[in-house]
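# Per-entry structural report
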Amino acid sequence: MKFETPAQDNPVDQLKVVGRPHDRIDGPLKTTGTAPYAYEWHDEVDKVAYGYVIGSAIAKGRITSVDTRAAKNAPGVLSVITADNAGKLGKGEMNAATLLGGPTIEHYHQAIGVVVAETFEQARAAAALVEVNYQRERGAWDLAEEKPGVTTPPEDTPDKKVGDFDRAFDSAAVQFDATYTTPDQSHMAMEPHASMAVWEGEKLTLWTTNQMINWCHSDLAKTLNIPQENIRVRSPYIGGGFGGKLFLRSDALLAALGARAIQRPVKVMLTRPMIPNNTTHRPATIQRVRIGADESGHISAIAHESWNGNLPGGPTETATNQTELLYAGANRLTGLRLAKLDLPEGNSMRAPGEAPGMMVLEIAMDEMAEKLGIDPVEFRILNDTQVDPANPERPFSQRQLIECLRTGAEHFGWQQRNPTPAQVRDGRWLVGMGMAAGFRNNLVTPSGARVRLDAHGTVTVETDMTDIGTGSYTIIAQTAAEMMGVPIEKVVVKLGDSTFPISSGSGGQWGGNSSTAGVYAACVKLREAVADRLGIDASSAMFTDEQVRVGERSIPLREAAAQSELVAEDKIEFGDLAEKYQQSTFAGHFVEVAVDSATGEVRVRRMLAVCAAGRILNPKTARSQVIGAMTMGLGAALMEELAVDTRLGFFVNHDMAGYEVPVHADVPQQEVIFLDETDPISSPMKAKGVGELGICGVSAAIANAIYNATGVRVRDYPITLDKLLHGLPDPV
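Just so it is clear, the structure is predicted and the values come from calculations on it, not from any experiment.

### As for the environment of Gly 457
Relative to the assigned elements, Gly 457 resides in the loop between β21 (447-453) and β22 (459-462). When the C-alpha atoms of Gly 457 and Gly 163 are compared, they prove to be 61 Å apart, with 294 residues separating the residues in sequence.

Right, dumping it as C-alpha cells:
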C-alpha cells in the first residue's frame, strides 16, 4: 500500500478497540516468567553449551600473542575461538568496529575470543586461563582535549545556515552565549545482550535480543559471509533495548561461531560489566548555544553547535535536530563536529540527537528568558512557529506546542512559582519549579505484515516487528481487531522472526506508528479477500462484531475461511508527505524539586508531561512509555555518567554498582496528559510516536527547577551535589 495522500476516514476511526487502554497481552507471560527470552528457549534445543566472551584488556593497540592451551585443557571446554581460527569474517554495515577483534584492537573490551564449555561456570573459569599479550598504543580518549582540533563538520553533515547569523547576533539587543556538556551514558537494559545459536547443516537459527530483526539478519550474513536465506533470526521477547540492541553485537556472532565450531547449540550472554565497553553507548557532547533577541523577546538569531567523538565510521550525535525546528528566528546556524576517539562505539540511545540536544537547548532558553525578564513558558510561546523556519512554505502537519505548555502550566500550578531563585523553603529543603519544551521528529519507515483468517474466525498477524517492552503485541492486536471487526481476544500476534514480513522494527519512535500501519495495509487486503470469497463488494462491506455486513445482509466472518484459511500480505510505503509537511511531536515538561540546603541532595517531587503525538493507539501503554522516558530523563539529569579513564581509554564504572540509574525511591509522582490529536499526514493510523518524546526536555526541566530552587546554574550534566554545594544559600 502506498501512503501518498493524507488519510481519510477509515475503519480505524471507529475506535472500538484502537485508542482504548487495553492491558498488554504479553503481560501475563512476562509477569509469570513464561515468556522465553533469547537465553531461555530450553524446549527448542538439546545439549546446549555455553560461551564466555574474552574482552580486550587494552583500548588501543595490537595482540602480539594468544596462548589458549591451558584453556583448551580445562574441564568441560569444547572449543576456544579467536580471530586466528574463526575463519574469514566480514563486518556489518551498522558496526563501526569489528565484533571479533584481533590482532588489531579498536576499543577496550572489544571481544577477542570466546571459550565454549559444557557449563557457564566452566567456560568462565577457562576464559581466565587464556593468556593474551598486547602492544599498547596511545589513543584519543578525551573529548575536551580533542575538541579544539575539530573545526570542520563531517562531510555528510555540513553546517545548516539560514540568513546571516553572525550579523544578526552581533546586532541583537540581548545576547546569550554559553557552552554545556553531556556525558557518555549507557543503556543498561534489564535483559543483557544474549543469544543462542544452532546449526543444521548450512542453516543457522539464532535466538537473540535485538530490536531490528532485518538489520541483524542482513549484517550477520555479511559478517559470516553466508547467504542471508541460510539464517533465521528470532527475537519475540526482549527485556529492554533503548537503542543498545538495534544492531548485531558480539554475543550473536560469537554464539554462531561457537555453535558452528562444536556442532551443538551454544548460548552466549554478555556479562553486565562487559556491556558498556563492548556494546554501544550514548556519546558525550560539548554544545554551544547562542541566542540573540530584541528587548521584547523575539528571537532574531539562534545558533547551536555540538561536538562529540566516535570511532572511525561511527555516527555523529545529531544534537542540533530540534534547534532547526523548535523556535522561530530568521537567522540560524546549526553545526555538528565529530572527533576521532578510541572509546567504544557511540550510537543510538533513546531519542538520539534530541535527548542530549534538548538537555542543552532548554536550559539556554531558560537562561535567555531570565536575561530578558520574561517568564520561561511565555518566552517559548512568544517564539512559536507553525512553519519550518528554514522553509516557511513548509508547514507543520500538526503543532500543539503552545497547547502543551499552556495545559501543563495550568495543571501543574506554574502560576505559584516564585521566579526569584532560592526563595522557597520547606524546612531544610529549597524548593523550585522548572519546565522545558519537548520535541521529537515523527519518523516513518516501510513496514510489512501477513494476516491470516481461520475457520474459527481467529485473525493471526505475523511480522518481524519486535516488542522491547513497549506494547507492540497489544497495539498490533488492536489494529487487526479494529480492521477485521473482531474482539482483541480473537487476534493472535506473532513477532520477531525473520521468516515473517520485514517491519519497521523498534527504534527511533517510528515502530508503533509504522508497524501498525503495515498491519492496516495487510488487513485491507484481507478484507478484500474475505469479500471476494463471500461474493460481496469490499468497498461497501462493514466488518463488525465478527460479522461482515452489506446492507441488510450479515455473514459471520469465519464463513469466509470455512473451507480454507485466507492469507493476505502487504506493507506500508510512504510517499513524499514528509517533504511537504514537517512532522513532529511536542511536549511540555514540568518538574518540582527539593534540594537539601546543607548537603545539596536533590529530590524530584513531581513531574508532569503534556504530550501532543497524534492519535494515541493505547493510552495505557503510551503512558507507561512516557513515564519510563521521564524516569530516564531524571537519571540523565542527576546521576547517569560513564566515567572515562582518559589515561587508559575505557569506562571505569562499567557495571550497575558504579553506573547509577534511578530506583523506585528516586521516582516521584508522575503524571501524563495526552492532548487530543490526530494527524492524517502521518499514516493511515493518524498516529505518531511517543516513547522517545517523553525523555526529550525532562533533564533540562529538572536543571531549571534546581536553579529556581537554589540559584545555582549547572551547565555540566549530571547535576551532582558537588556542583551545587559551593553556591547554596546558608541553611536556615
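### Considering the UniProt feature "domain: Aldehyde oxidase/xanthine dehydrogenase a/b hammerhead" (unreviewed entry) in the protein chain
UniProt tags residues 32-138 as "domain: Aldehyde oxidase/xanthine dehydrogenase a/b hammerhead" (unreviewed entry). The span residues 32-138 shows a helical share of 11% and a strand share of 33%, and its end C-alpha atoms are spaced 50 Å apart.

### Here's the deal with the packing of helix α6 (residues 213-224) against helix α7 (residues 250-262)
Where α6 contacts α7, the two axes come as close as 11 Å, and the packing angle between them is 50°. Compared by their axis directions, α6 and α7 come out oblique. Judged by the sense of rotation from one axis to the other, the crossing of α6 with α7 is right-handed. Touching Leu 220, Thr 223 and Leu 224 of α6 are Leu 253, Ala 256, Leu 257 and Arg 260, all from α7. Residue composition of the contact of α6 with α7, grouped by class: five nonpolar, one polar and one charged.

### Quick word on the domain arrangement of the protein chain
Examined at the domain level, the protein chain breaks down into domain 1 (2-35 + 444-576) and domain 2 (353-442 + 583-727). The C-alpha centroid of domain 2 is placed 35 Å from the C-alpha centroid of domain 1. Across the contact, 34 residues belong to domain 1 and 26 residues belong to domain 2. Taken together, the two surfaces of domain 1 and domain 2 that pack against each other cover about 2,200 Å², and 55% of this comes from carbon and sulfur. Taken as a group, Phe 3, Gln 509 and Asn 513 account for 30% of the area that domain 1 buries against domain 2, more than any other trio of residues on that side. Our count for the domain 1 to domain 2 interface comes out at three salt bridges. Asp 13 is the salt-bridge partner of Arg 615, the closest N and O atoms lying 2.9 Å from each other. The interface formed by domain 1 and domain 2 contains 19 residue pairs in polar contact (both at pLDDT 80 or more). For the side of domain 1 that touches domain 2, the elements supplying multiple residues, two or more each, are α12 (472-484), α13 (511-534) and β27 (566-574).

### Let's talk about the packing of aromatic side chains
Summed over all chains, the structure comprises 13 aromatic pairs. Considering the side-chain rings of Trp 215 and Phe 247, the 5.9 Å spacing of their centres and the 5° angle between planes classify their relative orientation as stacked. On the criterion of sequence distance, the pair formed by Trp 215 in helix α6 and Phe 247 in the loop between β12 (231-234) and α7 is long-range, its members being 32 residues apart. Judged by relative accessible area, which is 6%, Phe 247 ranks as buried. Through a chain of ring-to-ring contacts, the aromatic side chains of Tyr 37, Tyr 237 and Tyr 473 assemble into a single cluster. Its end group placed over the ring of Phe 396, Arg 399 keeps NZ or CZ at 4.7 Å from the ring centre. If you follow Arg 715 out to its NZ or CZ, it ends over the ring of Tyr 180, 5.8 Å from the centre.

### A short note on the environment of Ile 374
Tracing the backbone through its elements, the reader meets Ile 374 in the loop between α9 (354-372) and α10 (376-382). Sequence-wise, Ile 374 and Pro 419 are 45 residues apart; in three dimensions their C-alpha atoms are separated by 9.7 Å.

### Things to note about the nonpolar core
With 89 residues, the main nonpolar core has Leu 326, Val 593, Leu 638, Ile 702 and Leu 724 as its most contacted residues. Looking at this core element by element, the count peaks at 11 residues for α9. In this structure Leu 638 touches Val 602, Val 604, Ile 702, Ile 706, Pro 718, Ile 719 and Thr 720, once residues within four positions along its chain are discounted. Within the second largest apolar cluster, 52 residues are counted, among which are Val 18, Ala 522, Cys 523 and Leu 577.

### Section: empty space enclosed by the protein
Counted under the stated rule, the structure contains five cavities of 30 Å³ or more. His 187, Met 188, Ala 189, His 193 and Ile 275 are the residues nearest the centre of the largest cavity, which is lined by 13 residues in total. Tallied by class, residues from the lining of the largest cavity come to four nonpolar, six polar and three charged.

### Some words on unusual backbone geometry
The omega torsion of the bond from Gly 102 to Pro 103 falls at -5°, within 30 degrees of zero and hence cis. Looking at the element boundaries, Pro 103 is found in the loop between β4 (77-82) and β5 (104-105). The omega torsion of the bond from Tyr 717 to Pro 718 falls at -5°, within 30 degrees of zero and hence cis. If you trace the backbone, Pro 718 turns up in the segment after α16 (698-710). Although it is not a glycine, Gln 509 sits at a positive phi angle of roughly 70°. In this fold, Gln 509 is placed in the loop between β23 (491-494) and α13. For Gln 509, a relative accessible area of 7% corresponds to the buried category. Look at Glu 546: it is not a glycine, yet its phi comes out positive at around 60°. Its location among the elements puts Glu 546 in the loop between β24 (542-544) and β25 (547-550). For Glu 546, a relative accessible area of 30% gives the class partly exposed.

Reading guide: rules and limits
- Residues numbered from 1 in each chain as written.
- Predicted model: local features only at pLDDT ≥ 70, side-chain atom pairs only at ≥ 80, totals over all residues.
- Heavy atoms only, no water.
- Helix = DSSP H or I, 4+ residues; strand = E, 2+ residues; numbered from the N terminus.
- UniProt positions renumbered as here; feature names shortened; annotations may be inferred.
- Axes fitted to C-alpha atoms, helices over the stretch in contact; angles between N-to-C directions.
- Parallel < 35°, antiparallel > 145°, perpendicular 65-115°, else oblique.
- Left-handed = near helix turned anticlockwise from the far one by under 90°.
- Contact = heavy atoms within 4.5 Å.
- Nonpolar A, V, L, I, M, F, W, Y, C, P; charged D, E, K, R; others polar.
- Domains from an automatic or database assignment.
- Buried area = accessible area lost by both parts, 1.4 Å probe.
- Salt bridge = Lys/Arg side-chain N within 4 Å of Asp/Glu carboxyl O.
- Polar contact = N/O pair within 3.5 Å; in protein donor to acceptor, adjacent residues only side chain to side chain.
- Phe/Tyr/Trp six-rings, centres within 6.5 Å; stacked < 30°, edge-to-face > 60°.
- Buried < 20%, exposed > 50% of the residue type's maximum accessible area, 1.4 Å probe, protein only.
- Lys NZ or Arg CZ within 6 Å of the ring centre and 35° of its normal.
- Core = buried A, V, L, I, M, F, W, Y, C linked by side-chain atoms within 4.5 Å.
- 1 Å grid on protein atoms, 1.4 Å probe; cavity = no way out; pocket = protein on both sides within 12 Å on 5 of 7 lines; lining within 4 Å.
- Points joined across faces, edges and corners; volume = space filled by probe spheres on them.

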